[in-house]
Structures are given as structure tokens and as C-alpha cells.
Amino acid sequence: MQNYSLLKRAGKARKPVLLKRGMSATLEEFLMAAEYILSEGNYEVILCERGVRTFADHTRNTLDLSIVPAVQKLSHLPIVVDPSHGTGKRDSVHPMALAGIASGAAGLLIEVHPQPDRAWSDGAQTVYPHQFAEIVADSKAISELLASRRVREQATT
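What you see is a predicted model; the values in this text were computed from it and never measured.

Notes on the side chain of D82
- Within the element layout of this structure, D82 appears in the loop between β3 (79-81) and α4 (83-87).
- Take D82: its relative accessible area is 1%, and that puts it in the buried class.
- For D82, the side chain forms a polar contact with the side chain of H85, separated by 2.8 Å.

A short note on the environment of E28
- Looking at the element boundaries, E28 is found in helix α2 (residues 27-38).
- In sequence terms E28 and V71 are 43 residues apart; their C-alpha atoms lie 9.4 Å from each other.

A closer look at a nonpolar patch on the surface
- Residues V112, F132 and V136 make up a contiguous nonpolar surface patch of roughly 220 Å² in combined accessible area.
- Along the chain, V112 falls in the loop between β4 (107-108) and α6 (129-156).

A word on α2
- Look at α2: 17 Å from first C-alpha to last across 12 residues, which is about the 16 Å you get at 1.5 Å a residue.
- Of all the positions in α2, only F30, L31, A33, A34, I37 and L38 are classed as buried. The arc enclosing the buried residues of α2, seen along the axis, measures out at 155°, which places them on a common side.
- Close packing links the buried residues of α2 with α1 (4-13), β1 (17-20), β2 (45-49), α3 (67-74) and β3.

Reading the values: rules and limits
Residues numbered from 1 in each chain as written. Predicted model: local features only at pLDDT ≥ 70, side-chain atom pairs only at ≥ 80, totals over all residues. Heavy atoms only, no water. Helix = DSSP H or I, 4+ residues; strand = E, 2+ residues; numbered from the N terminus. Buried < 20%, exposed > 50% of the residue type's maximum accessible area, 1.4 Å probe, protein only. Polar contact = N/O pair within 3.5 Å; in protein donor to acceptor, adjacent residues only side chain to side chain. Patch = residues over 30% accessible without salt bridge, like charges linked within 9 Å, V, L, I, M, F, W, Y side chains within 5 Å. Areas by Shrake-Rupley, 256 points an atom, 1.4 Å probe, with all protein chains shown as cover. Salt bridge = Lys/Arg side-chain N within 4 Å of Asp/Glu carboxyl O. Expected span 1.5 Å × (residues − 1). Arc of directions from axis to C-beta. Contact = heavy atoms within 4.5 Å.

Next up, the structure:
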């Protein structure tokens with residue numbers, strides 16, 4: 001996110017870009033990094049919240065879900081949430097994924113492996129396929145609930 005020459009090259013590449021928020025980046029810094037890509041003509045940018053560094057020691061990072069509605073207010077770019085990197089703990093991925101959907105995220109980035117303890121990297125934050133299926137089902141239910149709420153709100157206005 002802070003390699004500006006790489007961001008400019010990504011902007012010239014005309015390929016979709018997933019821009020992950022740096023661990024200590026502010027909202028403004030995050031959006032300005034995306035601006036480097038956009039300024040080169042690449043409008044296929046997706047933002048990704050994956051946790052910020054805090055003093056908390058119960059997770060690797062603190063997943064800052066408050067950035068989702070803030071990004072939506074200030075930008076047209078979609079934002080997804082990565083609860084795997086955002087927490088670093090398998091048992092936190094499911095609830096934080098659901099919270100990400102509830103916050104308005106356009107999607108989720110989740111690490112899945114049939115044998116997470118044998119994964120080459122990030123095994124502690126990787127869910128099993130059956131856990132992933134549960135996350136997908138619960139995320140779909142929350143998304144449908146929120147969509148029906150928006151429809152009811154539009155009908156009354």
C-alpha cells in the first residue's frame with residue numbers, strides 16, 4: 001500500500017487490483033493509495049480491510065470494521081473484509097466474517113485448507129472446508145436479511 005511506484009504500475013496494468021489496507025494506515029491514507037492506481041486509469045480496484053495493529057493481544061490484529069461504512073460514505077470503491085488476516089485466529093474468523101457482512105462489506109476474503117495445521121503458511125487463521133461452508137451459509141442469510149430491510153425502507157420512503 002505504501003509502495004507508490006508499484007501502485008502506479010498497477011494502475012497502468014489494467015488488471016483488477018485488490019488493495020489491502022496497511023496495518024497502521026488511516027482511512028485517508030488507504031483511499032489515497034487507491035487514488036494512485038485510479039490516477040493511472042485503472043478503475044478496477046477493490047479495497048480490503050485486513051486488520052490494524054493495536055495493543056490488543058487476544059488477536060494478531062484488530063479488524064477495523066468501522067472503516068467499511070466510512071469507505072462507502074467517501075468512495076465509490078467496493079470494500080471487502082479479510083477476517084483471516086484481521087484476527088489471525090481460526091475461531092474468530094466466523095464471527096468476524098458475519099460482522100463484516102453486517103457492516104456492509106461487499107465480500108469476504110477467507111483462507112481455507114483441508115488440513116490447516118499442515119498449511120505452508122497462516123495455518124492458525126485458516127478454516128476447514130466445513131467451517132467455510134457454515135460461514136457462507138450464515139453470510140448469505142445476513143446479506144438476504146439486510147437486503148430485505150433495504151427494500152422495506154425504500155418502500156416506505
